[in-house]
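# Structure assessment
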Amino acid sequence: FWCVVIDQYGLALFACALCGTSIAFLWYNWSPAQIFMGDSGAMILGFCISFLTLSFLQTHDELINSESKFAISHAPNIVIAALILPFVDTTRVFLLRILKGKSPLIADRNHIHHKFIDAGFSDVQTTFILLSCQFALILIAIGTLRLSYLTSLILLSACLFILYIGLGFVVRPPKKSSVSSPD
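Quick caveat, the model's predicted, so the values are computed rather than measured. (Residues numbered from 1 in each chain as written. Predicted model: local features only at pLDDT ≥ 70, side-chain atom pairs only at ≥ 80, totals over all residues. Heavy atoms only, no water.)

### Quick word on helix H3 (residues 39-65)
The following threshold applies: Labels follow the DSSP assignment, with helices taken as runs of H or I lasting at least four residues and strands as runs of E lasting at least two, numbered in each case from the N terminus. A helix is expected to span 1.5 Å for every residue after the first. For every residue, the accessible area (1.4 Å probe, protein chains only) is compared with the maximum for its type, and the residue is labelled buried under 20%, exposed over 50%, or partly exposed between those bounds. Pairs of residues are marked as contacts when any of their non-hydrogen atoms sit within 4.5 Å.
Taking 1.5 Å of rise per residue, 27 residues should cover 39 Å, and H3 covers 39 Å from first to last C-alpha, within 8% of that figure. Those residues of H3 not exposed but buried are Cys 48, Leu 52, Thr 53, Ser 55, Phe 56, Thr 59, His 60 and Leu 63. Buried-residue contacts for H3 involve helix H1 (2-5), helix H2 (9-29) and helix H4 (75-99). Following H3 by one or two positions, Glu 67 adopts a phi angle in the positive range, close to 55°.

This is the structure:
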């Protein structure tokens with residue numbers, strides 16, 4: 001919508017096409033999944049999101065320089081809020097793999113969504129929880145637009161830290177009892 005308002009119709013079309021194909025994919029990927037996205041599909045999706053992110057930031061800079069009324073005061077914070085959960089999760093998993101002496105590209109079950117599923121949440125519950133957290137971070141970033149840039153970034157970082165710690169407590173698998181039951 002923002003791209004249409006600022007006359008960036010090519011970016012708007014690209015964003016709508018990406019959104020439409022993602023929704024169509026999710027229709028068939030919803031549990032029980034009929035299709036799965038492979039590594040190449042995930043890389044293409046990541047590249048497209050990166051392209052849109054950088055285009056958003058570049059266009060925003062041009063709007064700031066021209067003093068447009070459609071410029072968003074803290075555009076980088078909104079980008080950070082939109083991408084921080086997958087970025088932190090991927091970085092955390094890569095570091096854990098490296099610390100264990102494994103390749104960071106080897107698949108394992110250390111991603112946050114695996115932790116939710118291992119803790120007993122369904123695929124749908126896990127998706128809803130993570131999307132809700134992501135949406136909450138974006139709303140916090142939008143809600144802090146009137147604050148200074150640094151204050152907004154600090155608040156967003158604090159909320160992410162609290163959210164991540166909270167999610168860590170939610171996804172802990174139940175402790176096994178040390179007392180064995182008689183048979």
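Anyway, onward from the coordinates.
### As for the nonpolar core
For the record, the criterion: By nonpolar core is meant a set of buried Ala, Val, Leu, Ile, Met, Phe, Trp, Tyr and Cys residues that side-chain atoms within 4.5 Å join together.
Core analysis: the biggest nonpolar cluster contains 27 residues, and Trp 2, Phe 56, Ile 72, Ile 112, Phe 116, Leu 137 and Leu 167 have the highest contact counts within it. Secondary structure elements with two or more residues in this core: H1, H2, H3, H4, helix H5 (112-118), helix H6 (123-143) and helix H7 (149-170). If sequence neighbours within four positions are ignored, Ile 72 has contacts with Trp 2, Phe 56, His 60, Ile 64, Ile 78 and Leu 145.

### Quick notes on the environment of Thr 144
To keep it simple, the criterion reads: Two N or O atoms count as a polar contact when they lie within 3.5 Å, although within protein this holds only if one can serve as hydrogen donor and the other as acceptor, and sequence-adjacent residues are included solely when both atoms are side-chain atoms.
Take Thr 144: it is sitting in the loop between H6 and H7. Taking the C-alpha atoms as reference points, Thr 144 and Ile 78, 66 residues apart in sequence, are found 9.9 Å from one another. In contact with Thr 144, not counting residues within four places along its chain, are His 74, Ser 152 and Leu 155. Within the local environment of Thr 144, its side chain forms a polar contact with the side chain of Ser 152, the two groups lying 2.6 Å apart.

### Brief notes about the pattern of salt bridges
Using the following cut-off: The salt bridge criterion pairs a side-chain nitrogen of Lys or Arg with a carboxyl oxygen of Asp or Glu, the two atoms within 4 Å.
Under the defined criterion, the tally for this structure stands at 3 salt bridges. Notably, a salt bridge pairs Asp 108 with Arg 97, separated by 2.9 Å at the nearest N-O pair. With a gap of 11 residues between them, Asp 108 in the loop between H4 and H5 and Arg 97 in helix H4 connect regions that are remote in the sequence.

### Some words on the side chain of Asn 77
Its place among the elements puts Asn 77 in helix H4. Excluding anything up to four places from it in sequence, Asn 77 contacts Ala 141, Tyr 149, Ser 152, Leu 153 and Leu 156.

### A short note on the environment of Gly 166
Among the secondary structure elements, Gly 166 is positioned in helix H7. Measuring from C-alpha to C-alpha, the distance between Gly 166 and Asn 110 comes to 17 Å, with 56 residues separating the pair along the chain.

### What to know about unusual backbone geometry
Positive phi values are uncommon outside glycine, yet Asp 7 reaches one of about 65°. Locating Asp 7 in the fold gives a position in the loop between H1 and H2.

### A short note on the packing of H2 against H3
Stated precisely, the cut-off is as follows: Only the stretch in contact is used when a helix axis is fitted, and all axes are lines through C-alpha atoms; the angle between N-to-C directions ranges over 0 to 180 degrees. Angular relationships are summarised with four words: roughly parallel below 35 degrees, roughly antiparallel beyond 145, roughly perpendicular across 65 to 115, and oblique for the angles in between. Crossings are classed by handedness, with left-handed meaning an anticlockwise turn of the near helix from the far one by less than a right angle and right-handed meaning a clockwise turn. Classification convention: Asp, Glu, Lys, Arg as charged; Ala, Val, Leu, Ile, Met, Phe, Trp, Tyr, Cys, Pro as nonpolar; all other residues, Gly among them, as polar.
The interhelical angle for the contact between H2 and H3, taken along N-to-C directions, is 150°, at an axis separation of 11 Å. For the element pair H2 / H3, the angle class is roughly antiparallel. Where H2 crosses over H3, the two elements pack in a sense that is left-handed. For the pair formed by H2 and H3, the contact residues are Leu 11, Phe 14, Ala 15, Leu 18 and Ser 22 on the first element and Leu 45, Cys 48, Ile 49, Phe 51, Leu 52, Ser 55 and Thr 59 on the second. Considering only residue class, the contact of H2 with H3 consists of 9 nonpolar, 3 polar and no charged.

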